[in-house]
Every structure is written in C-alpha cells, then in structure tokens.
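# Inside the fold
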Amino acid sequence: MTVNHLRPALVSLALLTLITGVAYPLVVTAIAKVAFPSQAGGSLITDKDGKVLGSRLIGQPFDDPKYFWGRPSATSPFPYNAASSSGSNQGPTNPALIKAVQDRVDALRAADPGNTAPVPVDLVTASASGLDPHISPAAAFYQVRRVAKARNLDEANVRDLVERHFEGRQLGFLGEPRVNVLALNLALDGK
C-alpha cells in the first residue's frame, strides 16, 4: 500500500469510527430515552422512596419458602449474573443436566412435601439466557400452596394474586402467558 492510499484509508477509518461508534449510538440512545424511557433505563422496579429493587428484565434469586421461585439460572459464579448470560449448553441426555434437574425436583418436593402435582419444567430447567425473570402460570400455581403456608395466607388469596400478575402474549400472539416473579413477590410484600 502506498502513502497515497494510506491517508484516505485512515481518514475513512476515523470518520466511520466516529459515525458508527459514537454518533449513531448516541442518536439511538437519545431516541430510546425519549420514546421508551423505562426500557432504555433498564426497566427498573423501584419502591416508594425511589430505591431500585430490581429489573423487570433480569431474574432475581429467591429461595425463601415465602416467595415464589423463578427459573434456575445457568449463569455463574453467581445466579442471575447478567455479565455472564448464557445457557448451560448441556444436552437432554447429559448426565450432569439430568442430575441437576433431579436435584431441583427433589428440592421443590422437599420444600412442599404434600404437593403431588407434576413439577413444571420451567422450575427445573434454566432458560437460554440464564436470566429469565418470568415463569409460566403453571409454575406459579404449583408454588401457591407453599407460599400461602409460609405466609399464613389463604391459598385462594395467593392464587388470586398470581392471576392478577399474569402477563399475556406480546401483541396478542407472540410468546406465552407468563408471570414476572419479582413483581409477584413485591406484591406479596406489599411494595
């Protein structure tokens, strides 16, 4: 490459870096903050005092029997670690996955020994991102008895609370009905 070609190449590199690496992200971010302020800010859930309690988009670890539990997280070293979002990449015949699923089923059965209903699959398998904040309505209903007992509440009232936290399909046809675990648990706490 000659000097005559080097200068235009470097000028093009600098110009395109400024346009695509600085200007474009700033413009898109500004538009997002105006058009979708909550989503652009991370869909944060705050309490009455403005303290951030979590995000509608990232699961939270709950293991206390008085709370609804979300999907297991495949992120490590900490559960729901957004910096290491990923699935486990274990196939359905992998012995490690089979053992992990069985251990999760056993933990759910131990937490609510009288519950003989089939364990919903989303309570024992991690999502592809490992950060899923939602569970299926079946997974929420499966946990109603345990949560009601731990909180000394009537099961019908807890079931009604779950039903009020159903989120339908996006645009009426995308995805499946779901329940945001953090929002449901905050409603249980009265926050």
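For the structure itself, consult the block above.
Residues numbered from 1 in each chain as written. Predicted model: local features only at pLDDT ≥ 70, side-chain atom pairs only at ≥ 80, totals over all residues. Heavy atoms only, no water.

### Regarding the layout of surface pockets
Note the following rule: Space inside and on the surface of the protein is sampled on a 1 Å grid over the protein atoms alone, with a cavity defined as a set of points where a 1.4 Å probe fits but cannot get out and a pocket as an open set with protein on both sides within 12 Å along at least 5 of 7 lines; lining residues have an atom within 4 Å of a point. Grid points are joined across faces, edges and corners, and a volume is the space filled by probe spheres set on the points.
Approximately 300 Å³ is the volume attributed to the largest pocket. Along its surface, the largest pocket is lined by 15 residues, and Phe62, Trp69, Gly70, Arg71 and Pro72 are the ones closest to its centre.

### A few points about the pattern of salt bridges
The test is simple: Salt bridges are identified by distance alone: a Lys or Arg side-chain nitrogen within 4 Å of an Asp or Glu carboxyl oxygen. The helix count covers DSSP runs of H or I at least four residues long, the strand count covers runs of E at least two residues long, and both are numbered beginning at the N terminus. Throughout, exposure labels follow a simple rule: accessible area from a 1.4 Å probe, protein chains only, divided by the maximum for the residue type, with under 20% read as buried, over 50% as exposed, and the rest as partly exposed.
Counted according to the given criterion, the structure contains seven salt bridges. A salt bridge links Arg71 to Asp132; its shortest N-O distance comes to 3.7 Å. Within this pair, whereas Arg71 is found in the loop between β2 (52–55) and α3 (95–111), its partner Asp132 is found in the loop between α3 and β3 (134–135), the two being separated by 61 residues in sequence. For Arg71, a relative accessible area of 16% translates into the label buried. Judged by relative accessible area, which is 22%, Asp132 ranks as partly exposed. One salt bridge connects Arg145 with Asp112, and the closest N-O pair in it is separated by 3.4 Å. Linking Arg145 in helix α4 (residues 137–151) with Asp112 in the loop between α3 and β3, this pair joins segments that are 33 residues apart in sequence.

### Let's talk about α4
Every α-helix winds through 3.6 residues per turn, so residues three or four apart in the chain are directed the same way. The cut-off we apply is this: A helix is expected to reach a length of 1.5 Å times the quantity of its residues less one. The angle between axes fitted to the seven-residue stretch ending at a residue and the seven-residue stretch beginning at it gives the bend at that residue. Note on contacts: a residue pair qualifies if any of its non-hydrogen atoms lie within 4.5 Å across the two residues.
The first and last C-alpha atoms of α4 sit 20 Å apart over 15 residues, in line with the 21 Å expected at 1.5 Å per residue. The largest bend in α4 is about 40 degrees, located at Val144. Elements that come into contact with the buried residues of α4 comprise α3, β3, α5 (155–164), β4 (166–167), β5 (178–180) and α6 (181–189).

### Points about the pairing of β2
Just so we agree on the cut-off: Here, any two strands with at least 2 DSSP bridges between them count as paired.
Bridge analysis of strand β1 (residues 44–46) against β2 gives three bridges, and the strand direction is antiparallel. Pairing of Ile45 across the sheet is with Gly54, part of β2. In textbook terms, the turn of a hairpin is the stretch between consecutive antiparallel strands, and for β1 and β2 this stretch comprises five residues, one of which, Gly50, has a positive phi near 85 degrees.

### Points about the packing of aromatic side chains
Convention followed: Any pair of Phe, Tyr and Trp rings, taking the six-membered ring for Trp, is counted once the centres come within 6.5 Å. Such a pair is stacked with planes under 30 degrees apart, edge-to-face with planes over 60 apart, and tilted for the rest. Here, a charge over a ring is recorded when the distance from Lys NZ or Arg CZ to the ring centre is within 6 Å and its angle to the ring normal is within 35 degrees.
Inspection of every chain in the model, using the stated rule, returns two aromatic pairs. A centroid spacing of 5.4 Å and a plane angle of 40 degrees characterise the contact between Phe62 and Tyr67, whose relative ring orientation is tilted. Judged by relative accessible area, which is 15%, Tyr67 ranks as buried. On the numbers, 5.7 Å between centres and 70 degrees between planes, the contact of Phe141 with Phe166 is edge-to-face. With Phe141 in helix α4 and Phe166 in strand β4, this pair connects stretches of sequence that are 25 residues apart. A residue is classified by how much of its surface remains accessible, and Phe141, at 24% relative accessible area, is partly exposed. One residue, Arg146, lies across the ring of Trp69, its end atom 3.8 Å from the ring centre. Of note, Arg151 hangs over the ring of Tyr67, and the distance from its end group to the ring centre comes to 5.0 Å.

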